[in-house]
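Structure assessment
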Amino acid sequence: MQIMDRAVYKLEIRNRLRLTQKLVGEIVRLMESDYGWDTIHKKTGLAIVQLESVIKLLARYHLEICILKKHKEARLPSNHEDIEEIVKTYMYIN
């Protein structure tokens, strides 16, 4: 897993959310135009894939930027709560 910096994460998350927003807008237009279920289903699946990728990126951001950098900068030892937070967040990545 390659560690990205804060700006790269935010840019990637924002781009994926904008793509998702565009896909949802297309889905709404398709619904209003009475397109078939299969077309709407495919577009909805694409939107879901984008949202899942955003969740993974947000989890990685939280692990790499928020948790790990905090400990490196403060030079704090990890405690039980930190380990639980890391494990809980890591589950979103897989």
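Presented here is a report on the structure given in the accompanying data block. Remember, it's a predicted structure, so these values are computed and weren't measured experimentally. (Residues numbered from 1 in each chain as written. Predicted model: local features only at pLDDT ≥ 70, side-chain atom pairs only at ≥ 80, totals over all residues. Heavy atoms only, no water.)

1. Observations regarding the overall build of the chain
What the chain contains, in helices and strands, is 3 helices and 0 strands. The order of α-helices and β-strands along the chain, N terminus first, is α-α-α. Out of the 94 residues in the chain, the part that is buried amounts to 26%. Expressed as a percentage of contacts within the chain between residues at least 6 apart in sequence, the contacts between residues at least 24 apart total 69%. Total accessible area computed for the chain in this model is approximately 7,100 Å², and 60% of it derives from carbon and sulfur atoms. (Helix = DSSP H or I, 4+ residues; strand = E, 2+ residues; numbered from the N terminus. Buried < 20%, exposed > 50% of the residue type's maximum accessible area, 1.4 Å probe, protein only. Contact = heavy atoms within 4.5 Å. Areas by Shrake-Rupley, 256 points an atom, 1.4 Å probe, with all protein chains shown as cover.)

2. Quick notes on the pattern of salt bridges
Tallied over the full model, the rule gives 4 salt bridges. With a closest N to O distance of 2.7 Å, Glu12 and Arg16 form a salt bridge. Within this pair, Glu12 and its partner Arg16 are both found in helix α1 (residues 6-32), separated by 4 residues, close to a single helical turn. One salt bridge in this structure joins Glu85 and Lys88, with 3.6 Å as the shortest N-O distance. (Salt bridge = Lys/Arg side-chain N within 4 Å of Asp/Glu carboxyl O.)

3. Section: the side chain of Thr89
Here Thr89 is to be found in helix α3 (residues 80-90). In this structure Thr89 touches Ala59, His62 and Leu63, once residues within four positions along its chain are discounted.

4. Quick notes on α1
The first and last C-alpha atoms of α1 sit 39 Å apart over 27 residues, in line with the 39 Å expected at 1.5 Å per residue. The complete set of buried residues in α1 reads Tyr9, Ile13, Thr20, Leu23, Glu26, Ile27 and Leu30. One or two positions beyond α1, positive phi appears at Asp34, with a value near 60 degrees. (Expected span 1.5 Å × (residues − 1).)

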